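Secondary and tertiary structure notes
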Amino acid sequence: MAADARHRLTAESPYGASGAPWTQPLADAGSPDGPRGLAAHACWYPTVDPGGERVAFVCDRGGVPQLWTGPVDGEEVRLLDGGPDHVTEASWSPDGRWIAYTVAPGGSGHTRVLCVRPDGSDRRILAGADPGSSAYLGCWTRDGSAVAVTIAEPVTDGPDLRALVGRPPGWTGRDGPATLLGAGAPGAEDGGLAVRDRLAAYLLDPAGTSAPVLLADEREAATLRVCDVSQDGGLALLRRGPRGRREAVVVRVSDRTPLCVLSVADGDPWIGRFSADARTVWLRSDHEREFAALLALRLDEAGRPTDLHTVAQRPSSDLELLAVVESGGRAVLSWNDRGTSELETLPLGTSGTAAANGVGGTGPVNGTRGTAPVRGAGGAGPVGGAGGTAPVSSTGGPARTAAPSGTPGAAPLGSRVVELDHEVVTRVTPAGPDGMLVALSGSRRRPGVWHVPGTAPPRRTPWSARDHETVPPGPPPVRPMPLRPTARDGLLLGGWYHRAPGRPPGDPAPCVLHLHGGPEEQERPVFDPLYHELLGRGLDVFAPDVRGSSGWGRSFRDADLGTGRFAAIEDVAACAAHVIEAGLADPRRLAVMGHSYGGYLTLASLVWHPELFRTGVTVCGMSDFATFFAGTEPWLADSAAHKYGHPDRDRALLQSLSPMSRVDALRVPLLAVHGEHDTNVPPSESEQIVHAARERGLEAELLLLHEEGHDFRRAESRRLFRRTAADWLQRWLTA
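Predicted model, so just to flag it, every value in this text is computed and none were measured.

So, on to the layout of surface pockets. Of the volumes computed, that of the largest pocket is approximately 1,300 Å³. Along the wall of the largest pocket there are 49 residues; nearest its centre are Pro-94, Arg-273, Val-324, Thr-429 and Pro-430. When residues of the lining of the largest pocket are traced back to their parent elements, those giving at least two are strand E2 (43-48), strand E6 (86-92), strand E10 (134-140), strand E14 (224-229), strand E18 (272-274), strand E22 (318-325) and strand E26 (424-431). Of the residues in the lining of the largest pocket, the class split is 24 nonpolar, 18 polar and 7 charged.

Shown next as structure tokens:
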């Protein structure tokens with residue numbers, strides 16, 4: 001690793017207070033036995049040692065998501081970190097010496113990156129320990145000598161505008177840095193931030209014997225993650241940009257020079273990987289197309305792009321997950337087909353060429369929306385400007401494209417379909433020379449991990465809960481049915497309807513519309529303990545995909561931008577009308593609820609359509625965009641401005657979209673639920689809407705969950721939330 005990691009702007013020492021991170025030893029927190037396990041537990045995010053024999057994974061069998069390890073095919077598991085902090089992701093080093101993982105103290109968004117030996121010893125913090133900072137994992141170098149980590153630190157440019165301007169009405173203080181966009185005070189240009197995140201990506205030696213290497217340093221960036229480093233260490237693949245505008249960037253490590261930029265899809269952050277010779281980058285990308293596909297970006301010896309090809313695509317399905325297994329010899333592709341997953345593997349040739357129908361030769365780019373070049377450094381334009389490198393796409397001729405995989409009779413040569421026991425794949429990781437581990441979720445089971453050895457069928461790992469343990473004791477889970485409502489402007493929507501067991505056909509039911517977050521998430525047919533609780537109370541659940549959701553094409557995902565959000569609010573009413581007209585739901589007994597953006601959409605639906613619903617439950621939802629932008633994390637503010645509107649330039653639009661601006665239209669009882677350490681959507685968003693409802697004589701309650709953030713992780717918190725929400729909905733829908 002390079003010896004000089006001084007910051008290129010400040011020239012400060014990497015071991016100074018504001019320089020690069022350094023390792024901090026911690027006491028061991030593992031346990032050979034671990035806590036008494038919950039029968040109905042979930043396992044997810046597997047990562048395997050180099051030999052493919054042992055696996056580390058995240059599991060909540062102790063009531064909190066923690067880091068565990070055990071044999072791939074054995075039953076004895078060990079708790080590696082028994083601390084109270086929620087573990088969110090993990091990665092085993094290629095040399096087998098370390099397991100790196102990200103934790104969320106108190107459930108907050110201020111995450112830390114830790115490392116531990118596979119035997120549970122030598123636990124240490126790598127990054128994120130400084131007050132106000134946050135850190136998350138990137139990839140390991142191929143030799144395992146360093147792990148990439150992104151660190152977000154608040155940076156103040158000029159005076160603190162929070163002290164110079166009046167705070168928006170209802171603004172409440174919180175721990176950590178706040179963000180105020182568009183204040184117009186001295187030093188703020190074009191509605192800039194008073195406090196912004198500096199995102200810096202480093203390669204860190206977990207042992208602390210080598211100096212950190214700075215890979216990238218950006219301000220006003222929504223995300224920055226290191227996805228891969230080439231075999232020789234010369235190139236790095238980064239993912240950056242806000243939601244809906246993600247980019248893949250190939251960077252020369254020696255001087256941090258960006259060599260090319262290509263748009264990539266939202267969703268899973270692990271967007272691609274270099275071939276062994278670093279002459280090809282395999283990418284999961286929606287570059288110039290409606291649905292994400294597998295693309296091969298060819299590079300010259302200097303790492304600059306030469307051509308781009310489509311390797312595998314499907315006409316109406318997103319490539320949702322991409323992994324490379326068998327020592328780079330095969331790609332694993334998980335396709336999202338209207339909410340369910342289809343898994344296939346595809347051979348990759350030597351030297352980075354695809355062994356599918358001859359794809360991999362030279363040729364221009366020709367996307368579904370016309371020809372577009374890969375851009376040069378910084379995204380300023382096509383490669384070939386000042387640098388003299390020719391654009392990737394210079395003619396309108398057809399690209400050499402593999403036949404769409406998954407089409408009968410036209411699958412790429414050598415592809416294999418992997419039959420799945422359950423509906424949704426959440427992660428794929430290599431396991432040994434010819435195997436892989438697949439994390440699965442389904443409508444009738446909690447998340448678990450399956451081992452796929454070579455061409456053999458998948459088999460459940462012994463430490464994953466068995467299907468019959470999903471809800472012990474209790475009725476079996478319900479398999480939902482897909483619905484396709486039509487919006488008022490004719491747009492076709494999606495969703496899944498969960499029917500309470502024992503309800504006869506033709507019997508309109510009390511029904512809860514549950515709205516997912518994002519807004520670019522997607523409703524999937526997976527087991528949800530909340531839905532199971534509601535169904536057990538005799539309440540049906542309809543979980544729709546309104547415009548702005550993923551999985552239905554890029555145009556559908558972007559249809560809620562700007563003033564399109566008004567149409568998304570109308571979509572909720574159209575979904576309610578659909579289940580009523582289908583005879584599924586009783587129009588007199590409808591409720592609406594949702595989490596995060598779904599919580600916002602719940603509040604918006606209640607004040608735009610007060611006649612539709614008997615009650616509502618908002619969970620970590622925004623109630624006023626002005627106060628949301630004032631209190632959220634700087635990185636999230638940057639990303640949210642693209643989705644919702646800029647808080648200065650689009651102030652009037654955001655005010656008109658805010659439920660607090662129409663709170664006088666609220667007519668029904670309201671329950672709000674929030675995590676006390678939520679730094680994405682501050683708890684004040686729930687506090688102010690509950691206060692406003694009470695002022696207007698409505699019954700309104702707030703459940704504040706301790707030691708929780710934006711997502712509820714602890715078993716007791718999730719149980720309290722489910723029962724409180726179900727009690728509330730049952731009271732107002734069945735009384």
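What follows covers the environment of Pro-482. As for its position among the elements, Pro-482 is in strand E30 (residues 481-482). On a C-alpha basis, the gap between Pro-482 and Pro-525 in space is 8.7 Å, while along the polypeptide they are 43 residues apart.

Let us now look at the sheet that holds strand E4 (residues 66-71). The strand order E2-E3-E4-E5 describes an open sheet built from 4 strands, whose pairing is antiparallel. Among the strands making up the open sheet, the edge pair consists of E2 and strand E5 (78-81). Recorded for the sheet is a direction-independent mean angle of 30° between the axes of neighbouring strands.

Looking now at the sheet that holds strand E28 (residues 445-453). Across the sheet, 4 strands lie side by side as E26-E27-E28-E29; this open sheet has antiparallel pairing. Only two strands of the sheet have a single neighbouring strand rather than two, namely E26 and strand E29 (459-460). Strand direction decides the pairing type here: strand E27 (residues 435-442) and E28, joined by 7 bridges, are antiparallel. Bridging across to E28, Leu-440 finds its partner in Gly-448.

Helical periodicity: at 3.6 residues per turn, an α-helix aligns residues three or four positions apart in one direction. Along its 12 residues, helix H8 (residues 684-695) runs 16 Å from first to last C-alpha, staying within 8% of the 16 Å computed at 1.5 Å per residue. What H8 keeps buried is the set Ser-684, Glu-685, Ser-686, Gln-688, Ile-689, Val-690, Ala-692 and Ala-693. Along its buried surface, H8 packs onto helix H4 (597-608), helix H5 (625-631), strand E36 (670-675) and strand E37 (700-705). With its phi angle positive at about 80°, Gly-697 sits one or two positions after the end of H8.

For the rest of this paragraph, the subject is the packing of aromatic side chains. Within this structure, the stated rule accounts for 11 aromatic pairs. Their ring planes at 75° and their centres at 6.4 Å tell us that Phe-628 and Tyr-644 sit as a pair that is edge-to-face. Pair noted here: Phe-628 is in helix H5 and Tyr-644 is in helix H6 (residues 634-644), with a separation of 16 residues, a long-range link. Neither residue differs from the other here; Phe-628 and Tyr-644 are each classed as buried. Ring centres 5.5 Å apart and planes at 70° place the aromatic pair Phe-712 and Phe-721 in the edge-to-face group. Each of the two residues, Phe-712 as well as Phe-721, counts as buried. Taken together, the aromatic side chains of Tyr-597, Tyr-600, Phe-625, Phe-628, Phe-629 and Tyr-644 make up a single cluster linked through ring pairs. The ring of Tyr-45 carries the charged tip of Arg-427 above its face, separated from the ring centre by 4.0 Å. Between Arg-731 and the ring centre of Trp-728, over which it is positioned, the NZ or CZ distance is 5.8 Å.

As a further point, take the pattern of salt bridges. Applying the stated criterion across every chain, the model contains 46 salt bridges. Residue Lys-643 is joined to Glu-520 by a salt bridge in which the shortest nitrogen-to-oxygen separation is 3.9 Å. Of this pair, Lys-643 sits in helix H6 while Glu-520 sits in the loop between strand E32 (509-515) and helix H1 (529-536), and the two are 123 residues apart along the sequence. Each member of the pair Lys-643 and Glu-520 is classed as buried. Within the structure, one salt-bridge network assembled from shared partners comprises Arg-246, Asp-266, Asp-286, Arg-554, Arg-557 and Asp-558.

Right, let's talk about the environment of Ala-577 for a bit. Position of Ala-577 relative to the elements: it lies in helix H3 (residues 564-581). As for Ala-577 and Pro-485, which are separated by 92 residues in sequence, their C-alpha atoms are 8.7 Å apart.

This paragraph deals with the pairing of strand E16 (residues 247-252). Along E16, 5 of the 6 residues are buried, which leaves the element largely enclosed by surrounding structure. The pairing of strand E15 (residues 235-240) with E16 spans 6 bridges and is antiparallel. Among the inter-strand pairings, Arg-240 is bridged to a residue of E16, identified as Glu-247. One ladder, built from 6 bridges, connects E16 with strand E17 (residues 257-263); its direction is antiparallel. Each bridged residue has a counterpart across the sheet, and for Val-250 the counterpart in E17 is Cys-260. Adjacent in sequence and paired antiparallel, E16 and E17 are bridged by 4 residues, among which Arg-256 carries a positive phi angle near 60°.

The next subject is the confidence of the model for the chain. This prediction gives the chain a mean pLDDT of 84; 80% of its residues lie at or above 70. Across residues 1-18, confidence stays below pLDDT 50; counting only partners more than four residues off in sequence or on other chains, it has 40 contacts. Below a pLDDT of 50 lies the segment residues 377-409, which in the model reaches 83 contacts outside its immediate sequence neighbourhood of four places, other chains included.

With respect to the helices, strands and loops of the structure, Asn-336 is situated in strand E23 (residues 330-337). Within polar-contact distance, the side chain of Asn-336 engages the side chain of Gln-522 at 2.6 Å. Sequence-distant contacts of Asn-336, defined by excluding residues within four places in its chain, comprise Ser-317, Asp-318, Glu-320, Gln-522, Arg-524 and Gly-551.

Attention now moves to the packing of H1 against helix H9 (residues 715-734). The N-to-C vectors of H1 and H9 enclose an angle of 35°; their axes lie 10 Å apart at closest approach. Between H1 and H9 lies a crossing of right-handed hand. Of the residues in H9, those touching H1 at Pro-529, Leu-530, Glu-533 and Leu-534 are Phe-721, Arg-722, Arg-723, Ala-725, Ala-726 and Leu-729. A per-class count over the contact of H1 with H9 returns 7 nonpolar, no polar and 3 charged.

What counts as what
- Residues numbered from 1 in each chain as written.
- Predicted model: local features only at pLDDT ≥ 70, side-chain atom pairs only at ≥ 80, totals over all residues.
- Heavy atoms only, no water.
- 1 Å grid on protein atoms, 1.4 Å probe; cavity = no way out; pocket = protein on both sides within 12 Å on 5 of 7 lines; lining within 4 Å.
- Points joined across faces, edges and corners; volume = space filled by probe spheres on them.
- Helix = DSSP H or I, 4+ residues; strand = E, 2+ residues; numbered from the N terminus.
- Nonpolar A, V, L, I, M, F, W, Y, C, P; charged D, E, K, R; others polar.
- Pairing = 2+ DSSP bridges.
- Axes fitted to C-alpha atoms, helices over the stretch in contact; angles between N-to-C directions.
- Expected span 1.5 Å × (residues − 1).
- Buried < 20%, exposed > 50% of the residue type's maximum accessible area, 1.4 Å probe, protein only.
- Contact = heavy atoms within 4.5 Å.
- Phe/Tyr/Trp six-rings, centres within 6.5 Å; stacked < 30°, edge-to-face > 60°.
- Lys NZ or Arg CZ within 6 Å of the ring centre and 35° of its normal.
- Salt bridge = Lys/Arg side-chain N within 4 Å of Asp/Glu carboxyl O.
- pLDDT = per-residue confidence, 0-100.
- Polar contact = N/O pair within 3.5 Å; in protein donor to acceptor, adjacent residues only side chain to side chain.
- Left-handed = near helix turned anticlockwise from the far one by under 90°.

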